[in-house]
Amino acid sequence: MKTSTEYRQQFEELVHRAEQDIAQHPTTYKRRLQGLALLGYSVIGGLLALLLLLTGGTVWLAFTSSAVLLLLLKNKLIIVLGGLLWVVGRSLLVRIPSPTGYALKPTEFPQLWSEVNALSKQLATPPIHTIILTPDMNASIAQTPRLGIIGPHHNTLLVGLELLMALSPSQARAVLAHELAHLSGNHSKFAGWIYRVRQSWAQISHAIQQTNAWGTAPIRYFTEWYTPYFAGYSYVLARNNEYEADAVAGKLTSCHTTASALIATHVYAAFTQEQFWQPLYRKAHTQAQADQATYSQLQQFYQQPQPQHEAFKHHLRTVLTHKTNPSDTHPALIERLKALKATGLQEEADDRKALLWLGSEAKCVIQHFDQQWSHDNSVEWEEFYQRAQAAQQTIASLSQRDDHTLTAEERWQLASLTEQYQPDQDALSLYLQYSAEQPDDNAADLAIGRLLLAQNDADGIRYLEKAMKNPALRVYAAHECSRYYTLHQQPQQANAWLVKLEAANDMMHEAQQERAQLDDVDILIAPEVVEKSGYDFERELIGALNRHQHVSEVWVAQKQVRNFPHEPVFVLAVKIKGFILNEERLQLTLLNSLPQTPHNVFVVNSVTHKQLVKKVMAVGKQLY
């Protein structure tokens, strides 16, 4: 099985090959890409034709040849035919869910619809059927097939409330023009078609993977190969499509307006997170209840001249240094600005906000999002506040103690609680004090390294390299290092740590898979942990199994695992006596008899899992 690094490198090589193909042989490249796109449609069409042929043939046989139909029934071939019908039908009936959000009706929001319809008419796009308002700083087009994964599309325009709050009408118009340009028949029809094919297959693949139902295997195997291959080979055209959509937006508004809209959408996300959302969530340390007017406050936040803010300028300088990611269809901001020939970054003169497009309903819309945010966050907010208050008391109590009287556990508690619940205090020095006494604790190395890198201190790398010694911490340590080198434009080091991150993720995924399933081929060993833990642990492990009327014996073994062997995976084998009418109900009852435990425990019984029970009894220990 390929590693994540191998998959990524294979994908990047495909993208690079496509870049060479389109540069050297553009006609051949487009012909190959067209063939790939048609292959996808051919598979869908072939499945549909097969479904119709099987269904029609079965009906025809039933009415025209009773002898053939009797033969099918007698030899049970009708079951095979029915199974084929089910598999093919199931593959085509996977449902792609429509986007959800606050629907904006044309009668209630005529000004926004007028803007969209005017742009749609200018660009000769298919009709927009629905406009949905989301909380995001974004806009996008979603095309949902009306019949599973086939049929005509329902076109939905998603518009972010933050986008309307932050951008001027002309900037927001440029963003909408960019999105609608992807559907347009006025610029490169081939590029627009490929864009829609790629988006459709991304939706189809996601829906099929989410379904993961029996009968979807044929189309799932195809999409697992086809979707990433088509995406990779079409990436270069996708980037060109983004440039074309920017150019269309520039013609409908202006290059300056489109450039300023691009800058705003790229910078506002990080800027707003730092300047609005983080201070808002910090209130939970001292404020018992969540704010009831969050989006009303956000509207006021965006009324300020944010581009003049030093933090905004800092985030802009940062994003302008980013280079195009090989795995991203969107080019880097600096490349898009160059393509627009946006010389000089002029400030937007219009101080109005596109929120005015919502007309008299704007206040009601903001109140709706206020209530929705409060509903979604109130319980978590109050729980965090309670934990914060308890943490403050613990911190105060530990801080008043003589430093030499603190145990290692109390030192760690003081450092971690300070970091989490007193973000303005210096948790780094507390972690360093703890690490001085506990030099082998890699969790402290992780915390120290992370906090040092947050202060742009490269010495944090040294601590994170020590944290990598603990397999359970590798994902977090490698992520921090990769992110640090990426932000500081050191691609060689960033890539080296990305490889380590991918390897760590693969290991964690494998460990989860080992603990998620038990098969007849798995190796079972004697329960070493039970032997060491003694009778109390055995009694805890067995729970109420021994009190079940059909249980005659209970045995335990351990599953041999490659990853984290010090965290055991137990297999309890239950020998059943008496007559069992419902095997599924029996297994569910046995599982419900187990106590709550932090350990991974499988339960097998001698009625349903005969071979596994024999293996456990051969190497394990009898508990009852």
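Whatever comes next refers back to the structure up there.
Presented here is a report on the structure given in the accompanying data block.

Criteria and thresholds
- Residues numbered from 1 in each chain as written.
- Predicted model: local features only at pLDDT ≥ 70, side-chain atom pairs only at ≥ 80, totals over all residues.
- Heavy atoms only, no water.
- Helix = DSSP H or I, 4+ residues; strand = E, 2+ residues; numbered from the N terminus.
- Buried < 20%, exposed > 50% of the residue type's maximum accessible area, 1.4 Å probe, protein only.
- Contact = heavy atoms within 4.5 Å.
- Areas by Shrake-Rupley, 256 points an atom, 1.4 Å probe, with all protein chains shown as cover.
- Arc of directions from axis to C-beta.
- Phe/Tyr/Trp six-rings, centres within 6.5 Å; stacked < 30°, edge-to-face > 60°.
- Lys NZ or Arg CZ within 6 Å of the ring centre and 35° of its normal.
- Expected span 1.5 Å × (residues − 1).
- Core = buried A, V, L, I, M, F, W, Y, C linked by side-chain atoms within 4.5 Å.
- Pairing = 2+ DSSP bridges.
- Axes fitted to C-alpha atoms, helices over the stretch in contact; angles between N-to-C directions.
- Parallel < 35°, antiparallel > 145°, perpendicular 65-115°, else oblique.
- Left-handed = near helix turned anticlockwise from the far one by under 90°.
- Salt bridge = Lys/Arg side-chain N within 4 Å of Asp/Glu carboxyl O.
- Nonpolar A, V, L, I, M, F, W, Y, C, P; charged D, E, K, R; others polar.

Another aspect to go through is the overall build of the protein chain. Across its full length, the protein chain carries 24 helices and 9 strands. When each of the 624 residues of the protein chain is scored for burial, the buried share is 44%. A sequence separation of at least 24 residues applies to 73% of the contacts in the protein chain between residues at least 6 apart. Counting every atom, the protein chain has about 33100 Å² of accessible surface; 54% of that belongs to carbon and sulfur.

This brings us to unusual backbone geometry. Unusually for a residue other than glycine, A124 sits at a positive phi of about 55°. The residue A124 is located in the loop between helix 5 (110–123) and strand 2 (130–134) in this model. On the basis of relative accessible area, A124 is assigned to the partly exposed category, the value being 42%.

Here helix 11 (residues 294–303) has its buried residues at T294, Y295, L298, F301 and Y302. Viewed end-on, helix 11 has its buried residues packed into an arc of 100°, placing them on one side of the element. As for helix 11, its buried residues are in contact with helix 6 (161–166), helix 10 (255–282) and helix 14 (362–400).

Taken as a whole and judged by the stated rule, the model has 26 aromatic pairs. Seen in terms of ring centroids, F276 and W277 are 5.0 Å apart; in terms of plane orientation they differ by 85°. Their pairing is edge-to-face. When its relative accessible area of 8% is taken as the criterion, F276 is described as buried. Here R462 stacks its cationic end above the ring of Y463, 4.6 Å away from the centre of that ring. The ring centre of W497 lies 4.0 Å from the NZ or CZ of K500, which sits over that ring.

In this section: helix 5. In this model, helix 5 (14 residues) spans 20 Å end to end at C-alpha, consistent with the 20 Å of a helix rising 1.5 Å per residue. Within two residues after helix 5, A124 carries a phi angle of roughly 55°, on the positive side.

In this section: the nonpolar core. Judged by nonpolar contacts, the single largest core of 86 residues is most densely connected at L104, I131, L133, L167, Y268, Y295 and L358. With near-sequence residues (within four places) excluded, L104 lies in contact with F109, L112, W113, I131, L133 and L358. I194, F230, Y233 and V236 belong to the second-largest nonpolar core, a separate cluster that totals 20 residues.

Within a regular strand, side chains alternate between the sheet's two faces. Of all 9 residues making up strand 6 (residues 551–559), 7 are buried, and the element is well covered by its neighbours. By the bridge criterion, 2 bridges tie strand 5 (residues 524–525) to strand 6 in an arrangement that is antiparallel. Following the sheet pairing, L524 is matched in strand 6 by K559. Pairing of strand 6 with strand 7 (residues 569–576), which is carried by 7 bridges, proceeds in the antiparallel orientation. For E553, the partnering residue across the bridge sits in strand 7 and is K575. Where strand 6 lies against strand 9 (residues 621–622), 2 bridges are found, and the strand directions are antiparallel. Across the sheet, residue W555 finds its bridge partner in strand 9, namely Q622.

This part takes up the environment of V236. Within the element layout of this structure, V236 appears in helix 9 (residues 217–252). Overall, V236 belongs to the buried group, its relative accessible area being 10%. Along the primary structure V236 and P326 are separated by 90 residues, whereas in three dimensions their C-alpha atoms are 9.6 Å apart. Filtering out sequence-adjacent residues up to four positions away, V236 remains in contact with A18, E19, I22 and Y29.

When you line up the elements, T257 lands in helix 10. Residue contacts for T257: discarding those within four places in its chain leaves S170, Q171 and A174.

Moving on, we come to the packing of helix 17 (residues 442–454) against helix 19 (residues 474–487). Contact geometry of helix 17 with helix 19 gives a least axis separation of 10 Å together with a crossing angle of 15°. Between helix 17 and helix 19, the angle is such that the two are roughly parallel. Between helix 17 and helix 19 the crossing geometry is left-handed. Taken together, the residues of helix 19 that come into contact with helix 17 (itself represented by L446, R450 and L453) are Y476, A477, E480, C481 and Y484.

To continue, consider the pattern of salt bridges. Within the structure shown, the criterion is met by 18 salt bridges. Two residues, R411 and D403, come together in a salt bridge whose shortest N-O distance is 3.1 Å. Exposure remark for R411: the relative accessible area of 6% places this residue in the buried category. With relative accessibility at 37%, the residue D403 sits in the partly exposed group. The closest approach of N and O atoms between D445 and K466, which form a salt bridge, is 3.6 Å. Remark: K466 occurs in helix 18 (residues 460–467) and D445 occurs in helix 17; sequence separation between them is 21 residues. Its relative accessible area of 0% is what places D445 among the buried residues. Overall, the relative accessible area of 28% leaves K466 in the partly exposed class. Shared partners join several salt bridges into a network, and the residues in it are R8, E12 and E502.

Moving on to the packing of helix 16 (residues 427–437) against helix 17. Closest axis-to-axis distance for the helix 16/helix 17 pair is 9 Å, and the angle between their directions is 150°. By the angle between their axes, helix 16 is roughly antiparallel relative to helix 17. Seen along the crossing, helix 16 lies across helix 17 with a hand that is left-handed. Taken together, the residues of helix 17 that come into contact with helix 16 (itself represented by A427, L428, Y431, L432, Y434 and S435) are A444, D445, A447, I448, L451 and L452. Its residues assigned to classes, the contact of helix 16 with helix 17 comprises 10 nonpolar, 1 polar and 1 charged.

All right, on to the side chain of R411 then. Its location among the elements puts R411 in helix 15 (residues 408–421). Beyond its immediate chain neighbours, meaning those up to four positions away, R411 contacts D403, H404, L406, Q433, Y434 and E437.

Turning to its location among the elements, M508 is positioned in helix 20 (residues 491–516). With 34 residues separating them in the primary sequence, M508 and R474 have C-alpha atoms 9.4 Å apart.

From the geometry alone we can't say anything about function, so treat these as descriptive.
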